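# Fold and geometry: a report
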Amino acid sequence: MSLGLTYHLQGLRPQALQHDLNALATIESIGDSASLARAHNNIAALYTDMEQFDNALIHLNRALSIMRPRNDPRLRNTIGQLGILYRCQGDYDKAIDYYKKILTIDPENYNALNGLGHTYALKGDYDNAIKIFELAKKSRPDRPIAYNKLGNVYDSKLEEEKALSEYKQAQKVAPRDQESYKNMANQKLRKGDVKSALDIIEEGIKNNPGDAEGYYNLGTVYLHNKRYKDAKEKFTKSIGINSKVGKYFKALGDAELGLGNIDNAIAAYKKANELDASDAYSAEKLGDIYAERKELEKALDYY
C-alpha cells in the first residue's frame, strides 16, 4: 500500500482512504490474511485521523479478528491504534488499558510509552505521566518525542526550568527537529517576550532550513501578533516546501483575512478544506465570509 501511505503522509486523506479501500477489496479476493489485517489497520488509522471513529473501530475489530487466532506479532500495532482512537475520543481510561496491554507484551515499546504518558497528561495525572515519559526516555534516549512531551507536562505544572531542561535535551538529541524550538518559544510568548520567541524559532530554521514546520511556527507568532504581512510570507514559504499540509493553508487564510485580501483568504481556506475534509475551522471561516457577502447558498454549503 505504498501509494496509500504516500497520500497519507502528504495529508491527502480522502485519496489515501479511497486507494486503501480499493486495495482492501483486491486483498479480500486473494485471501491473504496478513495483508488483509494490515489493510484494515491502515484504513482505521485514516478514519481516526479524519475523526470517523465508528468506521475506524469497525476496521480495527476486523484486524483483531484476523490477528488474534494467529497470535500475530503485529497485534500490538492494532492494540496501539485502539489506544489512539479512544484517546482521541476522550475515553482516557480505555486508552490507558490498551496501551498497558502492549506494555505487558513489550515493556519498552517506545510508541506505547509515549501514548500512555500523553494520555495520563491529558487526563491531568501528571505524576504518572512523568513516570511513563521517564521510562520512554530510557527506552529510546536518542529520540526527542519523550523529552518534548515531558517538558510539556512540566510546563503544565508551571515548572518552567524543568520543562526547559527537557526541551534542551530534545534539541541535543535531534537538533533538526522543530518541536523543541516551538516549545521553548511558547515559554517566551507566555511571558510576552515576542523577540526571544522569534529568535528561538529562527535558530531552529537555521538548523533545518528545509523543514516547512519551522516557517509555519514562525508565521504563527507573527499572526498572533497581527503582523499579517510577515505571517503570510512565512506561511507561503511553508507551502512552497510542502503544499500537502492543510494547516499551512488554513493559517495563510487567516493572514490573508487579516490583510483584507478576502478572495485570497477564500482560496486558502478552500485548499485547506480540500486537503483535510475534517477541518471544521476553515469550513466555518468560508461560511462566515460568504454569509457576510450575502451569498447564503454558498455559506450553507460550509456551515
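Before reading further, recall that the structure is shown in the block above.
Conventions used here
- Residues numbered from 1 in each chain as written.
- Predicted model: local features only at pLDDT ≥ 70, side-chain atom pairs only at ≥ 80, totals over all residues.
- Heavy atoms only, no water.
- Core = buried A, V, L, I, M, F, W, Y, C linked by side-chain atoms within 4.5 Å.
- Buried < 20%, exposed > 50% of the residue type's maximum accessible area, 1.4 Å probe, protein only.
- Contact = heavy atoms within 4.5 Å.
- Phe/Tyr/Trp six-rings, centres within 6.5 Å; stacked < 30°, edge-to-face > 60°.
- Helix = DSSP H or I, 4+ residues; strand = E, 2+ residues; numbered from the N terminus.
- Lys NZ or Arg CZ within 6 Å of the ring centre and 35° of its normal.
- Salt bridge = Lys/Arg side-chain N within 4 Å of Asp/Glu carboxyl O.
- Polar contact = N/O pair within 3.5 Å; in protein donor to acceptor, adjacent residues only side chain to side chain.
- Expected span 1.5 Å × (residues − 1).
- Arc of directions from axis to C-beta.

Residues L116 and F235 are the most contacted members of the largest nonpolar core, which totals 73 residues. With residues near it in sequence (within four places) discarded, F235 still touches Y216, G219, T220, L223, Y248, A251, L252 and A255. By size, the runner-up hydrophobic cluster in this structure holds 7 residues, among which are A265, I266, Y269 and A299.

Taken as a whole and judged by the stated rule, the model has 4 aromatic pairs. Each ring, one from Y86 and one from Y98, has its centre 5.7 Å from the other, and the planes form 5°; the classification is stacked. With Y86 in helix α5 (residues 75–89) and Y98 in helix α6 (residues 92–105), this residue pair connects regions lying 12 residues apart in the sequence. Residue Y86 is classed as buried on the basis of its relative accessible area of 10%. Residue Y98 is classed as buried on the basis of its relative accessible area of 16%. Aromatic pair Y290 and Y302: ring centres 6.1 Å apart, planes at 20°, arrangement stacked. On the criterion of sequence distance, the pair formed by Y290 in helix α17 (residues 280–292) and Y302 in helix α18 (residues 296–302) is long-range, its members being 12 residues apart. Look at Y290 and you get buried, because its relative accessible area is 4%. Under the relative-accessibility criterion, Y302 is labelled partly exposed at 23%. Ring pairing ties together the aromatic residues Y216, F235 and Y248, which thus form one cluster. The positively charged end of K237 is found above the aromatic ring belonging to Y215, 5.5 Å away from the centroid.

Before going further, it helps to spend a moment on the pattern of salt bridges. By the definition in use, this model includes 20 salt bridges. D155 is the salt-bridge partner of R190, the closest N and O atoms lying 3.0 Å from each other. Here D155 lies in helix α9 (residues 145–156) and R190 lies in helix α11 (residues 179–190), a separation of 35 residues in the sequence. A salt bridge links R227 to D230, with the nearest nitrogen and oxygen atoms 3.1 Å apart. Linked through salt bridges whose partners overlap, the residues forming this network are D263, R293, E295 and K298.

Let's shift gears to the side chain of D279. By the secondary structure assignment, D279 is in the loop between α16 (262–275) and α17. D279 gets classed as buried once you look at its relative accessible area, which sits at 8%. A distance of 3.3 Å separates a polar side-chain atom of D279 from the backbone nitrogen of Y281. Ignoring sequence-local partners within four residues, the contact set of D279 consists of K250, A272 and N273.

Right, let's talk about unusual backbone geometry for a bit. Positioned with a positive phi, E51 is a non-glycine residue whose angle comes to about 60°. Structurally, E51 is set in the loop between α3 (33–49) and α4 (53–70). Here K294, not a glycine, exhibits a phi torsion of approximately 70°, which is positive. Within the secondary structure, K294 sits in the loop between α17 and α18. Of the residues examined, K294 reaches a relative accessible area of 69% and is grouped as exposed.

If you check helix α12 (residues 194–207), its first and last C-alpha atoms are 20 Å apart, about what 14 residues at 1.5 Å a residue would give, namely 20 Å. Those residues of α12 that sit buried are A197, L198, I200, I201, G204 and I205. Looking straight down α12, one finds that the buried residues subtend no more than 160° of arc, so they occupy a single side. Among the exposed residues of α12, those pointing more than 90 degrees away from its buried face are K195 and K206.

This part is about the side chain of N114. Inspection of the secondary structure puts N114 in helix α7 (residues 110–123). Setting aside residues no more than four positions away along its own chain, N114 makes contact with F133, A136, I145, A146 and K149.

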